[in-house]
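So you can see what is in the structure, the chains are spelled out below.
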Amino acid sequence: MTWREALADLRTHHTPLVLWMLLGLGLTAASAPNLATLVFGSALTLILIASSEVDRRHHILPDSLTLLVALLGLGWLITQTPMPLWWVGVAGAGVGGGGLWLLGRLGTWWAGQPALGLGDVKLLAALGLWVGLSGLPLVLLLATLPYLPWALWQLYQRRRHPHLPTQALPFGPGLAFGGWATWLWGAELWNLISHSVA
């Protein structure tokens, strides 16, 4: 799906999308400590919401939108991070994409059916540029938590009715939310988690 097709598709169901975008932009603006964060964060917010909506409806993450996330991430890394720390973002992209690809392959082997799409792998790699290596665990935690009740329900249903097909849930919206929240509030969220666990 090209970016033009994705945008044309989004125009047909624009009211809830506009509300999500306004909420995302408002939270980004309220959290941005400077103009660069506001500009990069606003662009990231809009692209991630658009990608999530396409994935929610069609179970596909458009490569063109994921590429924009990656290019913006590179721009953020180059302009807002000291050069000796660029490796952190590049490592985040490599480990995030490679690790999720491996996890998807293991899930496919275990379940006997595709467990994860390559669009999710590419999106996590792109988000790795934004959050770096240390942000990946929080991205995955935030991405998977909303899906746990659904997964448990699927397991329960499958045990009771083995003949029923399982329903796939798009993982892109979870990854998008996890990456966005980690980039904006990563330190605060880690502190909240560590105080809750301690």
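Note that the coordinates shown come from a computational prediction; the quantities given were computed from them, not determined experimentally.

Calculation criteria
- Residues numbered from 1 in each chain as written.
- Predicted model: local features only at pLDDT ≥ 70, side-chain atom pairs only at ≥ 80, totals over all residues.
- Heavy atoms only, no water.
- Core = buried A, V, L, I, M, F, W, Y, C linked by side-chain atoms within 4.5 Å.
- Buried < 20%, exposed > 50% of the residue type's maximum accessible area, 1.4 Å probe, protein only.
- Helix = DSSP H or I, 4+ residues; strand = E, 2+ residues; numbered from the N terminus.
- Contact = heavy atoms within 4.5 Å.
- Salt bridge = Lys/Arg side-chain N within 4 Å of Asp/Glu carboxyl O.
- Phe/Tyr/Trp six-rings, centres within 6.5 Å; stacked < 30°, edge-to-face > 60°.
- Expected span 1.5 Å × (residues − 1).
- Axes fitted to C-alpha atoms, helices over the stretch in contact; angles between N-to-C directions.
- Left-handed = near helix turned anticlockwise from the far one by under 90°.
- Nonpolar A, V, L, I, M, F, W, Y, C, P; charged D, E, K, R; others polar.

**Side note on the nonpolar core**
Nonpolar side chains tend toward joint burial in soluble globular proteins.
Then comes step 1: Within the largest apolar cluster, 38 residues are counted, with the highest numbers of intra-cluster contacts made by Leu48, Val69, Trp130, Leu175 and Trp183.
Then comes step 2: Within the residue set of this core, elements represented by two or more residues are α2 (14-31), α3 (35-58), α4 (63-80), α5 (86-111), α6 (118-144) and α8 (172-197).
Then comes step 3: The element best represented in this core is α6, accounting for 13 residues.

**Observations concerning the environment of Ala143**
Then comes step 1: Checked against the element boundaries, Ala143 lands in helix α6.
Then comes step 2: For the pair Ala143 and Ala181, spaced 38 residues apart in sequence, the C-alpha separation works out to 9.9 Å.
Then comes step 3: In contact with Ala143, other than residues within four places in its own chain, are Phe171, Gly174, Leu175 and Gly178.

**What to know about the pattern of salt bridges**
Then comes step 1: In the structure shown here, the tally under the stated rule is three salt bridges.
Then comes step 2: In this structure, Arg56 and Glu53 form a salt bridge, with 2.7 Å as the shortest nitrogen-oxygen distance. Here Arg56 and its partner Glu53 are both found in helix α3, three residues apart, which amounts to about one turn of the helix.
Then comes step 3: For Glu53, a relative accessible area of 12% translates into the label buried.
Then comes step 4: What emerges from the salt-bridge pattern is a single network uniting Glu53, Arg56 and Arg57.

**Some points on the packing of aromatic side chains**
Then comes step 1: Enumeration over the complete set of coordinates arrives at nine aromatic pairs.
Then comes step 2: Centre to centre, the rings of Phe40 and Trp76 are 5.4 Å apart; their planes meet at 70 degrees, and the pair counts as edge-to-face. Here Phe40, found in helix α3, pairs with Trp76, found in helix α4; they are 36 residues apart in sequence, far enough to count as distant.
Then comes step 3: With a relative accessible area of 14%, Trp76 lands in the buried category.
Then comes step 4: An angle of 45 degrees between the planes, with centres 6.4 Å apart, marks the rings of Phe177 and Trp180 as tilted.

**Let's talk about α3**
Then comes step 1: The terminal C-alpha atoms of α3 lie 35 Å apart, and with 24 residues this matches the ideal 34 Å at 1.5 Å per residue to within 8%.
Then comes step 2: Note on α3: the residue one or two positions beyond its end, His59, has a positive phi of about 55 degrees.

**Some words on the packing of α6 against α8**
Then comes step 1: α8 packs onto α6 with a crossing angle of 35 degrees between their chain directions and a minimal axis gap of 7 Å. α8 is crossed by α6, and the crossing has left-handed handedness.
Then comes step 2: Here the contact of α6 with α8 is composed, by residue class, of 20 nonpolar, eight polar and one charged.

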